[in-house]
Amino acid sequence: MTSNYHITSHCHIKNQTVSLNGVEVFHDDSELFPDFIKHVYKAFETKYPKFFKMDNLSKLAFLAADIILKNENLDTQKEQNIAIVFSNKAASLDTDRLHQEAIQNSSNYFPSPAVFVYTLPNICIGEISIKYKLFSENSFFIFDTLNAEHLASYSNSLLDMKKADKVLCGWVDFDENHYEAFLYLVAKNGKTAHSKEHITTLYNT
Amino acid sequence: MEALKLELKENIIEQLNLEDMTVADIGDDDMLFGDGLGLDSIDALELIVMLDKNYGIKLTDPKEGRHIFESVNTMAAYITEHRSK
């Protein structure tokens with residue numbers, strides 16, 4: 001599939017490591033995700049108190065997006081025409097389980113509103129949109145594995161139809177301490193062609 | 001009452017995930033919402049659940065919460081008067 005667009009930057013967070021554009025920029029020995037992601041937050045000086053109120057999936061997506069968008073030197077006071085197209089396998093299952101635990105015992109029924117609001121995977125898109133003033137198109141797809149072909153064609157359509165100037169897309173998955181975020185920014189100009197093959201190559205390296 | 005205020009501050013920090021904040025950072029009269037601790041609407045719902053779970057107080061009128069959750073002092077006074085556990 002040919003494309004007029006390019007991948008301008010990409011971020012991968014997995015196995016206690018953060019990579020930006022293929023270069024390892026952070027590693028931490030913390031085996032538990034909450035410890036690891038807190039160290040990432042502090043290392044990248046994100047300074048966003050609401051981060052600690054997010055669920056695990058949102059923390060993962062938020063920081064991967066933040067690392068990419070910081071690199072773009074955006075004016076965070078201005079609205080940005082950047083669409084978001086995310087995907088994963090587990091949806092919001094990690095938080096769904098937490099909520100289910102809180103409601104399964106009718107004699108001790110105290111569901112947490114702060115947990116319940118994260119029982120949809122696309123809430124993580126909202127968290128990123130609030131921080132970076134992104135009011136453009138957004139979608140969250142569920143697949144067994146990264147579906148590069150679908151992400152590429154969907155993002156290209158948004159750009160072709162001028163629904164957005166850029167698209168932040170990729171894979172962000174969290175389930176039972178297994179985590180992986182692979183996000184990339186697609187724009188008109190850049191070095192790497194936006195194609196299924198390049199997405200797959202970047203994801204697998 | 002002082003023990004209850006301390007307990008409330010500890011619970012607020014833990015339940016509302018106020019990272020990097022300690023009980024010493026919350027004054028008894030500090031506004032919990034708005035310019036004070038900057039809590040939001042979801043935090044307000046968490047505080048309502050906390051009253052029910054920890055003190056057996058069910059708030060049925062959301063307007064009541066506006067005064068009760070003004071500060072740790074107002075929360076402690078309301079809990080002292082209405083708690084069932």
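Counting restarts for each chain, with residues numbered from 1 along the sequence as it is written. Each chain gets a letter, beginning with A, and each ligand a number, beginning with 1, in the order they are written. The predicted nature of this model means local features are confined to residues of pLDDT at least 70 and side-chain atom pairs, given and counted, to a pLDDT of 80 or more, with totals for whole chains, interfaces and linings taken over all residues. For the side-chain quantities, the full set of heavy atoms in the structure was used; hydrogens and water were omitted.

Caption draft 1: Geometry of the side chain of A:Lys53. Counting from the N terminus, the helices are DSSP H or I runs at least four residues long and the strands are E runs at least two residues long. On the secondary structure map, A:Lys53 appears in the loop between helix 1 (33-43) and helix 2 (56-70). Each polar contact in these results corresponds to two N or O atoms within 3.5 Å; when the atoms are within protein, one needs to be able to donate a hydrogen and the other to accept it, and residues that are neighboring in sequence are counted only if both atoms are side-chain atoms. Side chain to side chain, A:Lys53 and B:Asp43 meet in a polar contact 3.0 Å long. When checking whether two residues touch, look at their non-hydrogen atoms; a contact exists if any pair is within 4.5 Å. Among residues more than four places away in sequence, those in contact with A:Lys53 are A:Tyr118, B:Leu16, B:Asn17, B:Leu18 and B:Asp43.

Caption draft 2: Spotlight on the interface of chain A and chain B. Across the contact, twelve residues belong to chain A and 14 residues belong to chain B. Once two parts are brought into contact, the accessible area they lose, counted with a 1.4 Å probe and summed over both, makes up the buried area. Taking both sides of the interface into account, the surface hidden between chain A and chain B amounts to around 1,100 Å²; carbon and sulfur atoms contribute 57%. One side-chain nitrogen of Lys or Arg within 4 Å of one carboxyl oxygen of Asp or Glu is enough to make a salt bridge. Between the two partners, chain A and chain B, sit four salt bridges. Across the chain A-chain B interface, the total number found is seven residue pairs in polar contact (both at pLDDT 80 or more). Among the elements that make up the side of chain A that touches chain B, the one with the highest residue count is helix 4 (residues 113-116) of chain A (three residues).

Caption draft 3: Quick look at helix 5 (residues 123-132) of chain A. Residues and elements named next belong to chain A. A large share of helix 5 lies buried, amounting to seven of its ten residues. Cys124, Ile125, Glu127, Ile128, Ser129, Lys131 and Tyr132 are the residues of helix 5 that are buried. Considering only its buried residues, helix 5 is in contact with helix 2, strand 4 (82-88) and strand 5 (138-142). One or two positions beyond helix 5, positive phi appears at Lys133, with a value near 50°. Here the term buried applies to any residue with accessible area under 20% of the maximum for its type, exposed to any over 50%, and partly exposed to those in between, with areas from a 1.4 Å probe on protein chains only.

Function cannot be inferred from these measures alone, as they are strictly geometric.
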